[in-house]
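# An overview of the molecular structure
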Number of protein chains: 2
Amino acid sequence: VIEGYKSLTDAVARGASVDAVYVDPAAATDVELGAVRDAASIGAAVFEVHPGVLTRACDTVTPQPVAATVRKLDVTIAELARCRPSLVVVLAGVRDPGNAGSIIRTAAAAGSAAVVLCEGSVDVYNPKTVRAAAGGIFSLPVVVGAVEDEIAGQLRNLGLQVFATASKAGRAHTDTDLSGPVAVILGNEARGLADTVSRTADGVLTIPVAEGTDSLGVAAAAAIICFESSRQRRLSRVAGAA
Amino acid sequence: VIEGYKSLTDAVARGASVDAVYVDPAAATDVELGAVRDAASIGAAVFEVHPGVLTRACDTVTPQPVAATVRKLDVTIAELARCRPSLVVVLAGVRDPGNAGSIIRTAAAAGSAAVVLCEGSVDVYNPKTVRAAAGGIFSLPVVVGAVEDEIAGQLRNLGLQVFATASKAGRAHTDTDLSGPVAVILGNEARGLADTVSRTADGVLTIPVAEGTDSLGVAAAAAIICFESSRQRRLSRVAGAA
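We now turn to the structure provided with this report. These numbers come from a predicted model, not from an experiment.

Quick notes on the rules
Residues numbered from 1 in each chain as written. Chains lettered and ligands numbered in written order. Predicted model: local features only at pLDDT ≥ 70, side-chain atom pairs only at ≥ 80, totals over all residues. Heavy atoms only, no water. Buried < 20%, exposed > 50% of the residue type's maximum accessible area, 1.4 Å probe, protein only. Helix = DSSP H or I, 4+ residues; strand = E, 2+ residues; numbered from the N terminus. Contact = heavy atoms within 4.5 Å. Pairing = 2+ DSSP bridges. Axes fitted to C-alpha atoms, helices over the stretch in contact; angles between N-to-C directions. Buried area = accessible area lost by both parts, 1.4 Å probe. Salt bridge = Lys/Arg side-chain N within 4 Å of Asp/Glu carboxyl O. Nonpolar A, V, L, I, M, F, W, Y, C, P; charged D, E, K, R; others polar. Core = buried A, V, L, I, M, F, W, Y, C linked by side-chain atoms within 4.5 Å. Phe/Tyr/Trp six-rings, centres within 6.5 Å; stacked < 30°, edge-to-face > 60°.

Residue and element names in this part refer to chain B. Considered for burial, the residues of helix α1 (residues 5-13) that qualify are S7, L8, D10, A11 and V12. Of the surrounding secondary structure, the elements contacted by the buried residues of α1 are β1 (2-3), β2 (18-23), α2 (30-41), β4 (66-70) and α6 (127-133). Of the residues trailing α1, G15 is marked for its positive phi of about 75°.

Laid out in C-alpha cells, this is it:
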C-alpha cells in the first residue's frame, strides 16, 4: 500500500504496476486528482471512497486523500543474478523505517543494482519506508527476507565481493577498491552488525571519523560508502577510456 | 533543554555546561540515575520532580524520566574566526529537525569546524534535533540566526571558499578541491537553495546521481560532501608528509 499522491506519482513515473487507487474526491486537490488520472491511464482501477475510510486505513497522522496498492516489488536473490549486480546494499538489522527508506533512496541515486533486506530488518512495505525512499523503491529491485548469516555466501556466488561494516577497526572505505561488483552489509542502528554476520564477509569497512566524535548514523554511513563506490566507478571508467 | 539520559550522558562526556537536571526518581532506572549522578559530579544542580511534571514539560511521545538544561551552545560568527575553520556546514532553509540533527552528527564526525543554522532553518534546541544529533551538538560550535543572503560573505571574510549546492548543473563535488578551508551551504528539503543565496557563493556543487533517479535527501547529501572533503584532506596530508 502506498499513501499520498507523491508516492503514487513516483510509482507511475517509474513504471510500477499500480493495481488500484483509492481516492476521497471530496478531500482531494486538483494535483491529487491529476495523479489519480495518471494512474488510471496506465490501467489502475480507481475506487472512490467515503471520507474517513482512508483515515482509518492509512498509517499517517495527517491522512492523505489518495492511496493505492502496487504489485509486490520485491525480487528473489536468484532473480538478482540476471541484472549482473555491481553495487548491492544489504540491511541486516536496520529497524527504523525512515533509515531504511533513506538508504533505498540513496542506494538508487548511487546507481546500486539492488537493496537486500534481511529478516529482522524493517518491512520494505512499511508506509514510512516507502515515503522516506521518495520513489527510490520503484527504481531498483529490493530483495526481502534474506537470512543474515547466509546472504554473504549467496551474493559471493553471484560474483560479488562482500564487505561488512563496523564503526571501528575495519579498513578505511576510501582505501578499499569498491569499483568492482561489491556488496556492503549495514547493521542495526544501536548494535551494529552481529559478529556472526561480519565473519561471513570478505572484509570489514570502517569510515574514519574525527577524534572524539561518535560513529555515524546508518543512513549517513550508507550514503558515504555508496557514493565512494560511485566516485571510484567513475574514476575507473575514465581510466578505462583513456 | 535536553531530554533523556543518553543526551545527558553525551553532554557530560563532551564537557557541555549542564546547569540543572530534573529527574523523576520513581520512574528512573539505575542507568538513568547514574547519568544524573555524573551530571551532579560536574556541578549540575539536581531537582527531583513529581511524576507527570516531565511528561508535561517534555516534547517526546514517550516521556523520559530525566531532563536537563544546558548552557546555550551557540556561538557567533565572530567567535568562529578564533577556531580557524576548515570545513563549515551551513543550513539555509532545512526544516526537518531530524535532518538538521543528523547533519550536525555527520558534520562533527567528518571533523567540521562548525555548523551554521540560518534564520528560517529548524531550531537547534528542538529536542528532536538534539536527539538526532546524538551528541554531535556538544562536539562542535553551532552558529544560529545567521542571515541567508549574508552568510557567504561573512564566511568568505574568515578565509573560506563558499560553495552552494544544487541537485543539477553544478560542478561534481568529487572534481572540486574541498581540501582547503571551505563552507558548504545546503537548502530546503523540497525547494533546495534560493537563487539569492546560491548567487552569493563562489561556486555550486552537485553530487552526480544515477540516470532516472531522484536527487538525494539533504542529510545524505551533507554526509557525502562532508566525507568527500574528509577524504581529500587525508589525501593532502599524506601528500604533504611525503
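Moving on from the coordinates now.
All names here are of chain B. The pairing of strand β9 (residues 161-165) with strand β12 (residues 203-206) spans three bridges and is parallel. Looking at the pairing, A164 lines up with V204 of β12. Pairing geometry for strand β10 (residues 171-172) and β12, over two bridges, is parallel. Bridging from a neighbouring strand, R171 pairs with L205 of β12.

The next point concerns the sheet that holds strand β1 (residues 2-3) of chain A. Residue and element names in this part refer to chain A. In space, the four strands of this open sheet follow the order β1-β4-β2-β3, with mixed pairing throughout. Of all the strands in the sheet, the pair left with one neighbour each is β1 and β3 (45-48). When strand β2 (residues 18-23) meets strand β4 (residues 66-70), the two strands line up antiparallel, connected through five bridges. When the bridges of β4 are listed, A20 appears paired with T69. Against the sheet, helix α2 (residues 30-41) makes contact with β2, β3 and β4, and its axis sits at roughly 150° relative to β2, the strand it touches most.

As a further point, take the interface of chain A and chain B. Opposite the 29 residues of chain A that make contact, chain B presents 29 residues. Interface area, chain A with chain B, both sides summed: about 2200 Å², of which 55% is carbon and sulfur. For A:R231, the salt bridge is made with B:E228, and the minimal N-O distance between the two is 4.0 Å. If you list the elements that add at least two residues to the side of chain A that touches chain B, you get α5 (97-109) and α9 (218-241) of chain A. If one sorts the elements of the side of chain A that touches chain B by residue count, α9(A) sits on top with seven residues. Taken together, the residues of the side of chain A that touches chain B sort by class into 14 nonpolar, eight polar and seven charged.

This part takes up the nonpolar core. A:L8 and B:L8 are the most contacted members of the largest nonpolar core, which has 110 residues in total. If we skip the residues at most four places from it in the chain, B:L8 touches B:I2, B:V18, B:V21, B:A35, B:V36, B:A39, B:V66 and B:A68.

Residue and element names in this part refer to chain A. By the definition in use, this model includes two aromatic pairs over all chains. Look at Y22 and F47: their rings are 5.4 Å apart centre to centre, the planes differ by 20°, and that puts the pair in the stacked class. Taken together, the positions of Y22 in strand β2 and F47 in strand β3 put the pair 25 residues apart, joining distant regions of the chain. Using a relative accessible area of 28% as the deciding quantity, one classes Y22 as partly exposed.

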